[in-house]
Amino acid sequence: MKYQTQKIALAYFLTAMALFAVQVTLGLIMGWIYVDGNFLTEILPFNVARMLHTNSLIVWLLLGFFGAAYYLIPEESEREIHSPTLAYIQLAIFVIGTLGVVLTYFFNLFEGNFLLGREGREFLEQPKWVKAGIVVAALIFLFNISMTVLKGRKTAITNIMLLGLWGLALLFLFAFVNPSNLALDKQYWWYVVHLWVEGTWELVMAGILGFLMLKLTGVDREIVEKWMYVIAALALFSGILGTGHHYYWIGTPGYWQWIGSIFSSLEVIPFFAMMAFAFVMVWKGRRDHPNKAALLWSLGCAVLAFFGAGVWGFLHTLHGVNFYTHGTQITAAHGHLAFFGAYVALNLAIISYAMPQLRGRDPYNQVLNMASFWLMSGGMLFMTFTLTFAGTVQTHLQRVNGEYFMDVQDQLWIFYVMRFGSGVAVVLGALLFIYAIVAPRREVIKPGPVVEQAAE
Amino acid sequence: MKELITAWLILVGASAATTALAVIGPETIWLAPVLLGLAFVKSRVILAAYLELRQAPRILSGVTLAVALWFVIAITLGVIG
Amino acid sequence: MAQVAREELPHDLMIWVLIVSEMLVFGAGLWAFLAVRITDPPGFAEAATHLHPVSAGIGTILLVTSGLFAAIGAQRNSARWLLLAALGGLAFLWLKSHEWSSLIAAQISTETHPFFTFYYLLTGFHAAHVVAGIVILAIVALRRRSAEISAGVAFWHLVDLVWVAVFPVIYLMGAA
Ligand code: HEM
Ligand code: HEM
Ligand SMILES: [Fe+2]
């Protein structure tokens, strides 16, 4: 760690990890509700658990991104963060908002209230006051990092990160646009949801991955930057009109079927490029960085993002296919592997890289961390496969044969049991990861012969 | 300069020929392949002369191959339809 | 050992990323058009009679000629030639707007027939690129920086390149 204010990232990462634990645990609870429909119906209804699962996912991923920005921007722009106080205020706003959200959902407080009650749209259920808080916090964040970058060195990494983060915050404003016409409502809703994960977040991903490759492999900055610009351009070119793949059946004109199919098919390319980038950098790299876990997560991120977003996305993105699979377990399979591969693994990579430095020690317990990678990723992959099978069966019975939804669900029970099993692996992996980066103060397992190498 | 003018002459000639052919509209299965074949010639001229890929012959031949493949499939679809 | 000659790519790498991406989009769109056409050849042939191949042919000649002007403008770093190229684009747009307005007057919309869904989509997308290209040409002509001119003119050639495929597939295959 070269700059004092990089320490801010520590608070962000720790909060993110706490929410990560909550998020996957709630997933597991829901996984059991799928097996036994009466589980916790009174205390924690499925819809509430689902809101908490998805919202805490988004919040902790965002906190991770903020932490990553606070960590890497000082190093890139070669100066301290403009105002650490503002950064902590921003975090406090997020924590208060999150607590507010949890209480509001859990007890269903202020139902129907314009300002205080929960809103009904997936991922954007937060009450308006929390949304406003998010905007304020985002503004503080943008001000803080923009000031830092403006006064310091500008690199491809800071440029692309800033573009992604500004876009992310501006698009969130569409969360306030909620027309009563359901088709329009959905249209705007996807401006946030799709243009986040398949637009601006991808830029953040390119930025963080670029930074990690630069540090871990020691490849020339020039080469890394060229890749990053190409990836960012491809992501925006395909992702913006790729939104059309959500406009097939919501009442928008028919030409969206072609715009959506064509552009979203191209969305596979930036994810492929990201994977190629990571491997080419490692292959070209001269540096043997001691933080093997961070490298494993980085490569895992690139590969799993390609499969989750690229392959599983393409699987149901052509409108001829989506006509049958829309909203089935295929979607859930894709949603899980895409989010996990692209953004969960990305955060865990930068956290694995930054944590030892933030806490001023060597990267201990690589083995535990790497074991958590295999446990979590293995669990996630298995969950993806079971849900894909479930989705295929569901598509056939429900959409082709025309059986009733609940009758079909009964026939999928065995898949849901297996999904629960894989969920257990994911949760254990997550807890192991958190333990490995937070707890140990010394090497648990004897290290092999040490290779003396300059490391950053 | 001379290269550009030559390119332009080919482009205009091919465009005029394409249009004339389509307007006359002879009843033959060869019409679609000929129309698209002329389009292929034009795209290759634009790539080589206008976009200056002639300076980079290896890249030009790679791109030409890809474009040719595109036209082969387009012609196949056109003939079936 | 064989010396692998490193070829210099004309124009900036990023403009090539854009060119290839656009070729993929239009290429996929035209393939889709031809594939859907197989499901209803008479319907497509009938729909195509509403278009005017000759006027589209004139548009094609306008575009490739404007491409020549742009190329000359880039070679000579000349604002005049570049603006002339932009003028060619404007003429093309004028033709296009006539074509669309007569179709719209005949109550033909994107939903009339799949032919017209693709027709409006592909010609509309292309025309949007013509508009963007005109703006870009005007800007680079006024600023007169050779790297920018090179990129702007490359974009203009892309607009030609795409049209050269759109023209026969949409306007002429109906007769075939
Ligand atoms: C880091 C890991 C995880 C991520 C990134 C994640 C992400 C998501 C996302 C994005 C959704 C919404 C999906 C959609 O709208 O289609 C969702 C729903 C869900 N997740 Fe997870 N999740 C994770 C872990 C888990 C675990 C461990 C389980 C336990 C088995 C689980 C079970 C579920 C269930 C049951 C739903 C509701 C699906 C439905 O409504 O039918 N998740 N998750
Ligand atoms: C990291 C990037 C991505 C993430 C995190 C992601 C996540 C998700 C999630 C959570 C959903 C469910 C939304 C809902 O209805 O609640 C979804 C839907 C969808 N995604 Fe993605 N996705 C990503 C990239 C892609 C890509 C690259 C493609 C296409 C190639 C794609 C194609 C689709 C399609 C077609 C749907 C709609 C499914 C349906 O009709 O039910 N996604 N995605
Ligand atoms: Fe999407």
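Up top you'll find the structure we're talking about.
Everything in this summary refers to the structure shown in the same document. Source: prediction; values computed, not measured.

Side note on the nonpolar core
Logical step 1: Core analysis: the largest hydrophobic core is formed by 144 residues, its most contacted members being F20, W60, W201, I208 and Y343 of chain A.
Logical step 2: Residues contacting W60 of chain A, with those up to four places away along its chain left out, are A16, M17, L19, F20, Q23, V344, N347 and L348 of chain A.
Logical step 3: Within the second largest apolar cluster, 83 residues are counted, among which are A7 and A74 of chain B together with L34 and V164 of chain C.

So, the packing of aromatic side chains
Residue and element names in this part refer to chain C.
Logical step 1: Summed over all chains, the structure comprises 57 aromatic pairs over all chains.
Logical step 2: Taking 6.4 Å as the distance between ring centres and 80° as the angle between the ring planes, the aromatic pair formed by F26 and F125 counts as edge-to-face. Of the two residues, F26 sits in helix α1 (residues 13–38) while F125 sits in helix α5 (residues 114–143), which places them 99 residues apart along the sequence.
Logical step 3: The class for F26 is buried, based on a relative accessible area of 4%.

Some thoughts on the coordination of the iron ion (ligand 3)
Six octahedral donors around a metal ideally make angles of 90 or 180 degrees; four tetrahedral donors ideally make 109.5 degrees.
All names here are of chain A.
Logical step 1: H194 (ND1), E198 (OE), H245 (NE2) and H246 (NE2) make up the full set of protein donors to the iron ion (ligand 3), lying at 2.1 to 2.2 Å.
Logical step 2: Coordination at the iron ion (ligand 3) comes from four donor atoms whose angles at the metal span 81 to 149°, giving a geometry best classed as irregular.
Logical step 3: Considered as a linear motif, the donors of the iron ion (ligand 3) on their single chain read H-x3-E-x46-H-H.
Logical step 4: Taken as a pair, the iron ion (ligand 3) and the iron atom of ligand 2 lie 4.2 Å from each other. You can see H194 sitting in helix α6 (residues 182–217) and its partner H245 sitting in the loop between α7 (221–242) and α8 (256–266), a full 51 residues away along the chain.

A short note on the site of ligand 1
Residue and element names in this part refer to chain A.
Logical step 1: Lining the immediate environment of ligand 1, one finds 23 residues, of which Y34, R50, H53, E122 and H336 sit closest.
Logical step 2: R50 is positioned such that a nitrogen or oxygen atom in its side chain is 2.4 Å from an oxygen atom of ligand 1.
Logical step 3: Breaking the shell around ligand 1 down by element, the ones donating at least two residues are α1 (8–35), α2 (46–77), α12 (329–358), α13 (366–400) and α15 (413–438).
Logical step 4: No other element matches the eight residues that α1 contributes to the shell around ligand 1.
Logical step 5: Among the residues making up the shell around ligand 1, the classes are represented as 13 nonpolar, seven polar and three charged.

Points about the interface of chain C and chain B
Logical step 1: Taken together, the 44 residues of chain C in the interface contact 38 residues of chain B.
Logical step 2: Together chain C and chain B conceal approximately 3600 Å² of surface at their shared face, both sides included; 79% is due to carbon and sulfur atoms.
Logical step 3: Summed over the shared surface of chain C and chain B, the result is zero salt bridges.
Logical step 4: Here chain C is connected to chain B by eight residue pairs in polar contact (both at pLDDT 80 or more).
Logical step 5: Sorting elements by how many residues they give to the side of chain C that touches chain B places helix α3 (residues 53–76) of chain C first, with 13 residues.
Logical step 6: Looking at the side of chain C that touches chain B residue by residue, the class counts come to 31 nonpolar, eight polar and five charged.

Procedures and definitions
- Residues numbered from 1 in each chain as written.
- Chains lettered and ligands numbered in written order.
- Predicted model: local features only at pLDDT ≥ 70, side-chain atom pairs only at ≥ 80, totals over all residues.
- Heavy atoms only, no water.
- Core = buried A, V, L, I, M, F, W, Y, C linked by side-chain atoms within 4.5 Å.
- Buried < 20%, exposed > 50% of the residue type's maximum accessible area, 1.4 Å probe, protein only.
- Contact = heavy atoms within 4.5 Å.
- Phe/Tyr/Trp six-rings, centres within 6.5 Å; stacked < 30°, edge-to-face > 60°.
- Helix = DSSP H or I, 4+ residues; strand = E, 2+ residues; numbered from the N terminus.
- Donors = N, O, S within 2.8 Å, 3.2 Å for Na, K, Ca; no water.
- Tetrahedral: all angles 85-135°; square planar, octahedral: opposite > 155°, others 65-115°.
- Near = heavy atom within 4 Å.
- Polar contact = N/O pair within 3.5 Å; in protein donor to acceptor, adjacent residues only side chain to side chain.
- Nonpolar A, V, L, I, M, F, W, Y, C, P; charged D, E, K, R; others polar.
- Buried area = accessible area lost by both parts, 1.4 Å probe.
- Salt bridge = Lys/Arg side-chain N within 4 Å of Asp/Glu carboxyl O.

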